[in-house]
Structure formats: C-alpha cells, structure tokens
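Working through the structure, step by step
Read off the chains here:
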Amino acid sequence: MSRPQPIKFNIEKKLIKSNGEKALGRVGTIETMHGIINTPAFVTVGTKATVKALTPEMVKDLGADVVLANTYHLYLQPGDPLIKKAGGLQGFMNWHGPTMTDSGGFQVFSLGAAYGKNISKITGDDSITGKNGAMAEAEGRLRKIPLIAEAPEELAPKIATIDEMGVTFKSHIDGSMHYITPRRSIEIQHNIGADIIFAFDECTSPNEPFAYQREALDRTHRWAKQSLEYHHSQKNSEKQALFGIIQGGRFEDLRKESAEIIGAMDFDGYGIGGSFAKEDMSTAVQWVNNLLPEEKPRHLLGIGEPEDLIMAIENGCDLFDCVAPTRNARSGTFYTKNGKINIGNAKFVEDLTPIDDSCKCYTCKNYSRAYMSHLFKSKEMLAGTLGSIHNLYFIIHMVKDLRQSILDGNFYEISSAFLEKYKAGNK
RNA sequence: GCGUAGGUGGCGGAGUGGUCAAUCGCAACAGACUGUAAAUCUGUCGCCCAAUGGGCUUCGGGGGUUCAAAUCCCUCCCUACGCA
C-alpha cells in the first residue's frame, strides 16, 4: 500500500484570519532529494535549463529555493536522453537545489488555441469578448481575403493540435512534427529527472465555451490517470514526485469537479492550471483549494505578479512559478515597493538612486537607475542580468516576507500595507 | 577655377510631375508582458485643431514653368570625389 514518498510536505503553521477563523493559507516545507523548499515559495522559471541571463550561483544567491524547466523545450532541444546522460537536469545545468519540470501542457495552449492570438495566461476581456476576432475580420475584408465563416479554426495559425491520445506539435524551432502523449511526457520528465514533475494536461483558452471546457476537462482527467499509472509503474516514482493538474476554465462546477477528481488520485501534490481573466483567478483558487487534500502541496501554475501572489498565499497555494520577473527584467520593467517602473523612461536617465532604495539585492546595493537606464539604452547584456537579479530577488523575498508574516501572525497587516503602496505607485 | 555626383523630416536613406506630411531603418517618446514561440512585441514620432476627420507650413536659399513640383527650368549657396 504505502510506496516510498519522493517528497515530504510538512505544514508548520496555518494562516488565521483576524476574526480567529482558519484561512486557507499555510506555511510549510517540502523536502526533496535535492534540498528543502520553504513554502510558500516562488519557483524560479528556467524553461530551457537556464534561468535566462543568470548563472545558477546568482539564482542561489538571490534566494531561490527551486527552479522549474520545461519538458517540451528540453525534449526538442537538446533532447531528454542527453540530459539523462549528463546526470539529469541538476547535473546538466549545474543547479544543485530542488527542480521541477512542467509537462508541456501549457504549450498545448500557447502553441495551439492561443497561437498568434492576443491570449495569454492572464487574458483581458477584449479577447474573451472576441474583439480580436472582429478586428481580424475587418482586416480580412480590407485585404479582400474571403473569410471562411464556417471554418475559422482552419484559418487560425496554430502549431499544436489535440486528439484523444495526445498532442501533435510542430516544433517552433525547426518545424518538425512531434506527438506527445501523457505517457510520453512522463517518460521525458523521468529522463530529465526533476524532483517534482507534472501530469500532461490541456490548458484551455478562456474563449472556449462550456461544452468544450467540459470535453477538455474530461480529457485532462483521463490524461492525469494515464500519467499517474505510468509514473507509478516506474522506479522513478520513488525519487520524483508527480503533481496532477486541475483545470476547468472559469466554471465553478468544472473547477470543483476537477479538484475532487484529481484530488482523489494518488498524486504527490497538485497544480492549478488554466488561463484566467484576472478577476476569475481568486475565486477559482478558492473553489479548488477548499476541496484539495490539505496535506499535499499545491502549485498555482504560471502566476506571479505581486498582487496575485498575495492572493495565492492567502488562499492556500504553496508554490507558484512565473516568467514575469525575468521577462519583465529583460525588457526593462522593474518591481519596486512603489509599483512597477520602466527603466527606459526619460525620467530615469540621470536618476542616481537605486531601483528600489529599500531593496537589498546585489543590483540595488551597487547600481543606480541611471546606470540601468544606460545599460538598457545601449543594449548591454548586463542589463538583463542585473535586472533579473533585482526582479527575482524582489519577488522571492516578497514571498519570503509573507511566509514569515504568517509565522509571526501579521500576514494581513503586512500584505495590505504592501498592496497599498504598490498599487498607489502603479496608479 | 573646371568636371562629375549630390543637398529630403534628429540621423541614415527612399521617392524623381498628381494617390507625399513624404516608404524604410536608427534614434527618441510611451505602452505591454503572468506553467518563456520572448535580451521580445506594440503604438507615437512636422505644427495645430471642435480630431476613425480637418487646417497650416515643409524636401539647401531665391525665382520660374504647370491646373498640380521634393520631383521640370534658371540662379545662388553648400558638400564629396576627380582634374588643375
């Protein structure tokens, strides 16, 4: 009955509301083969076995506990057999702490339904209400291109298509065709060898109607079962933990059903997936976390703006990964306690103060906004490095501070004080 | 001094009688980015306005031809190269 546990999750303290009621949030630790993750924890994204612009030593020094890479990307390049040969992800990329891999499920979405469209992990109302479709139609008329009304999907450029058994991808690198099934995703993730891996799921577009969400959810549930069964049939399940993923779009009944079905499967933890409208996220997380088994860790996939992290921590998520800190950093958008700034703006050219005067990161301790502005304007490589150090430090330490505040019993004071200043700065 | 090629918006550089306030690139100015198709993408970029439109002044200076000129002619100024 009891199989060896690849990770051990301990809850140290639960969040208590001011009226004495228990909230969903909690503080804990996840023990993996390669070290401990103190939760809630921000998971640094290193899709292609590298946190863009940073060495592993920098990532470690700025306080990251864990790095997440991507199955789809590493399978295509350099190929998972090579990574296995190189000693797994840890050995290959020289990161000796805990690691995770995403299953490639998100690429079903970003290379499929969302490909070429203005839809992303967080989607504004415009695209949900179909404004982009209308604009494309107008453009089509302008160019006298006949629109095939009954088959708009055929016109949509996508390089991933779904069938019952799996997903066909056209490599974004060289155009070659690849077929990934749940089992194949787990096989690849076994070769990559991260401490925590994810079941292969279908992340749906919020534009899809209920009927499709229903169909996709059932498929994701079947895939979850296939992922889990294959995983447990392999020795790797003794050292790698597998997380199942909850989907269900914006629908309460689907989300709850998914939490119950996936939550009842013997996963080592759970991921909450999906593409959200901003206002949907908090409710979806609450529906799901009220139902998931309390004693297993929960990962809110792909989330990470400061206000979202506060919501996620309050509502019982233990892990969250996000490309925002590093992607924003590389395009010159930095987090500060007073909101985000764009270092490219003219007002920073001669600003000799640090990005955030209260920040203790390497960048803020040693460099000014004027210097960062100069690095960006002159397109120097160091810009992305110093910027990523700051943004990751900011987000990781923000989460660490919130973790501590739960231990100290002042989460609500700390988080609302943060939000007040942060939102005022963003206007 | 003679010859040749040129002088276009902050810069580079298209255009060579009408559809030109003038392709494009850079710079500049702003915005976006949430399980990384991303060191990326988008918008603005002569001036003004009651602004999915309208008005005004522009293509070295001046003058002309024409219904119409950045584009043709004359003249002056300037630049590069060649010859003296």
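Residues numbered from 1 in each chain as written. Chains lettered and ligands numbered in written order. Predicted model: local features only at pLDDT ≥ 70, side-chain atom pairs only at ≥ 80, totals over all residues.

Some remarks on the protein's contact with RNA strand B
Lining the immediate surroundings of RNA strand B are 49 residues, of which K121, C203, G302, V323 and S331 lie closest. Elements with a contribution of two residues or more to the surface near RNA strand B: strand 5 (67-70), helix 5 (105-113), strand 14 (319-322) and helix 14 (324-330). A per-class count over the surface near RNA strand B returns 16 nonpolar, 21 polar and 12 charged. (Near = placed C-beta within 6 Å. Helix = DSSP H or I, 4+ residues; strand = E, 2+ residues; numbered from the N terminus. Nonpolar A, V, L, I, M, F, W, Y, C, P; charged D, E, K, R; others polar.)

With respect to the sheet that holds strand 9 (residues 177-180)
Strand order across the open sheet formed by 3 strands is 7-8-9, with antiparallel pairing between neighbours. One side of each edge strand has no neighbouring strand; the edge strands of this open sheet are strand 7 (160-162) and strand 9. The sheet shows a mean angle of 20° between the axes of neighbouring strands, direction not considered. Strand direction decides the pairing type here: strand 7 and strand 8 (residues 167-170), joined by 3 bridges, are antiparallel. (Pairing = 2+ DSSP bridges. Axes fitted to C-alpha atoms, helices over the stretch in contact; angles between N-to-C directions.)

Overview of the domain arrangement of chain A
Annotation of chain A at the domain level lists domain 1 (8-113 + 158-322) and domain 2 (328-418). Opposite the 22 residues of domain 1 that make contact, domain 2 presents 22 residues. Only strand 1 (8-16), strand 2 (22-32), strand 4 (41-45) and helix 13 (306-314) provide two or more residues apiece to the side of domain 1 that touches domain 2. Ranked by residue count, the leading element in the side of domain 1 that touches domain 2 is helix 13, at 4 residues. (Domains from an automatic or database assignment. Contact = placed C-beta atoms within 7 Å.)

So, the pairing of strand 12 (residues 269-272)
By the alternation rule, side chains of strand 12 split into G269 and G271 and Y270 and I272, which are all buried. Taken together, the 4 bridges between strand 11 (residues 241-246) and strand 12 define a ladder with parallel strand orientation. Considered in strand 12, the bridge of F243 is made with G269. For the handedness criterion, the β-α-β arrangement of strand 11, helix 11 (residues 252-264) and strand 12 is classed as right-handed. As a crossover connection, the stretch from strand 12 through helix 12 (residues 278-289) into strand 13 (residues 298-300) is right-handed. (Buried ≥ 20, exposed ≤ 12 C-beta atoms within 10 Å, placed from the backbone. Right-handed = clockwise from strand over helix to strand, strands pointing away.)

Here we look at helix 9 (residues 182-192)
The buried count for helix 9 comes to 8 of 11 residues, which makes it a mostly enclosed element. Following helix 9 by one or two positions, G193 has its phi on the positive side, about 80°.

Details of the nonpolar core
A199, F243, F320 and M372 are the most contacted members of the largest nonpolar core, which totals 96 residues. Counting residues per element, this core draws most heavily on helix 17 (residues 382-408), at 12 residues. Both domains that meet at this core, namely domain 1 (8-113 + 158-322) and domain 2 (328-418), each give it at least three residues. If we skip the residues at most four places from it in the chain, F243 touches I196, F198, A199, F267, D268, G269, Y270, G271 and H299. A113, V167, F169 and I180 belong to the second-largest nonpolar core, a separate cluster that totals 12 residues. (Core = buried A, V, L, I, M, F, W, Y, C linked by C-beta atoms within 7 Å.)

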